[in-house]
Amino acid sequence: MSVRFQEIDWRPTPMGDISLRRRRDPASGVDVHEVKLGDEFLMSSLFTAGEIALTRLGLAGATGGELDVAVGGLGLGYTARAALDDPRVRSLVVVDALAEVIEWHERGLVPLGSGLVSDPRCRLVHGDFFALVADSCLDPQEPDRRFDAILLDVDHSPRHVLHPRHAALYRPAGLRALAGCLHPGGVFALWSNDPPDEEFVSALGDVFTGAEAHVVEFDNTLQGGTATNTVYVAAKGRA
């Protein structure tokens, strides 16, 4: 295998074959880690601005000196890392449906893995985020636990989901269940690869307060020019 490309791991999963790859980017000369599920690219360390913005925009709306945060979707760990970089975060639960992805971090196969695993504030949980929300139990160790912020980065967008069962979360009943996992005043933030969706903003507004769609722009070094992600942010009412 060429030193410019290496498949670090490949596994069959119930969601399809997942692989972790490392390649040398010829433009920058840096190693790029990529995650593929089947033929779809899920994550690349070359494009992390959206994942980091998800955390920063979400936590910017959170109040209080100490925050308990839940993240849906581990990926390469950039959302979780940005959360731990906020000194207000006292605990972080990261839920991922794929045990293989958690294992990559635990084995140090991805650049941020060792730092996440060794941080006493952080716990990686193998579970179905969407099923846990439906059961109002994002932390299996503490079934009644509520959070100050929930950050979600799993699907491509509310309209382009990785599995059909995920779609229910983005409808009013699913959003109400998610709001039930937050403290009053808690914040929900969602990453999307699509442009702002006014219908989804309206659905958020039916359940949360101050729902907004933020466009995150970043350099696209592969195709040239710029690309965008969307981060939705909304807060649970205090009443």
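Starting from 1, residues in each chain are numbered consecutively following that chain's sequence as written. Totals for whole chains, interfaces and linings use all residues, but because this is a predicted model, local features are given only for residues with pLDDT of at least 70 and pairs of side-chain atoms are given and counted only at 80 or more. Heavy atoms from the whole structure form the basis of all side-chain values; hydrogens and water molecules are not counted.

The disulfide definition used here is simple: a pair of cysteine sulfur atoms within 2.5 Å. As enumerated under the stated definition, the model contains zero disulfides in all. Lacking any disulfide linkage, Cys-122 is separated from the closest cysteine sulfur, that of Cys-137, by 18 Å. We classify Cys-122 as buried; its relative accessible area is 12%. Free of any disulfide, Cys-181 has its nearest neighbouring cysteine sulfur in Cys-137, separated by 8.1 Å. Burial classes: relative accessible area under 20% of the type maximum marks a residue as buried, over 50% as exposed, and values in between as partly exposed (1.4 Å probe, protein chains only).

For the rest of this paragraph, the subject is the pattern of salt bridges. Two side chains that carry opposite charge are able to pair once their charged atoms sit near each other. What counts as a salt bridge is simple: a side-chain nitrogen of Lys or Arg found within 4 Å of a carboxyl oxygen of Asp or Glu. This structure, assessed with the given rule, holds 17 salt bridges. The partner of Glu-66 in a salt bridge is Arg-90, and the shortest N-O contact between them spans 2.9 Å. A residue pair is termed long-range when its members are at least 10 positions apart, and Glu-66 in the loop between helix H1 (49–60) and strand E5 (67–72) and Arg-90 in strand E6 (residues 89–96) qualify at 24 residues. The exposure class assigned to Arg-90 is partly exposed, which follows from its relative accessible area of 44%. Segments assigned H or I by DSSP are reported as helices when at least four residues long, segments assigned E as strands when at least two residues long, and all are numbered from the N terminus.

Judged by nonpolar contacts, the single largest core of 38 residues is most densely connected at Val-69, Leu-92 and Val-94. With four residues, helix H2 (residues 78–84) is the single largest residue contributor to this core. Two residues form a contact once any of their heavy atoms are found within 4.5 Å. Among residues more than four places away in sequence, those in contact with Val-69 are Leu-59, Val-89, Ser-91, Leu-92, Val-93, Phe-147, Ala-149 and Leu-151. In this structure, Ala-70, Leu-132, Tyr-170 and Ala-203 belong to the second largest nonpolar core, which totals 28 residues. Nonpolar cores are built from buried Ala, Val, Leu, Ile, Met, Phe, Trp, Tyr and Cys residues. Side-chain atoms within 4.5 Å join them into one set.

Turning our attention to the environment of Asp-144. You can see Asp-144 is positioned in the loop between helix H5 (129–134) and strand E8 (147–152). Look at Asp-144 and you get exposed, because its relative accessible area is 68%. Separated by 37 residues in the primary sequence, Asp-144 and Cys-181 have C-alpha atoms spaced 8.3 Å apart.

Another point: the packing of aromatic side chains. Ring pairs (aromatic) are described by centroid distance and by the angle formed between their planes. Working definition: rings of Phe, Tyr and Trp (its six-membered ring) pair if their centres are within 6.5 Å, and the pair is stacked with planes under 30 degrees apart, edge-to-face with planes over 60 apart, and tilted otherwise. One pass over the full model with this rule turns up six aromatic pairs. Taking the centre distance of 5.9 Å and the plane angle of 50° together, the rings of Phe-47 and Phe-218 count as tilted. Within this pair, whereas Phe-47 is found in the loop between strand E4 (40–44) and H1, its partner Phe-218 is found in strand E10 (residues 209–219), the two being separated by 171 residues in sequence. Taking relative accessible area as the criterion, Phe-47 reaches 22% and is therefore assigned partly exposed. By relative accessible area, Phe-218 is classed as buried at 15%. Counting every residue linked through ring pairs, the aromatic cluster contains Phe-129, Phe-130, Tyr-170, Phe-200 and Tyr-232.

All right, on to helix H3 (residues 99–106) then. The α-helix advances 3.6 residues per turn, and as a result positions three or four apart in sequence lie on the same side. Among all positions in H3, only Glu-100, Val-101, Ile-102, Trp-104 and His-105 are buried. Structurally, H3 contributes buried residues whose contacts are with strand E1 (5–13), strand E2 (16–24), strand E3 (31–37), E6, helix H4 (113–118) and strand E7 (122–126). Of the residues one or two after H3, Gly-108 is the one with positive phi, at around 70°.

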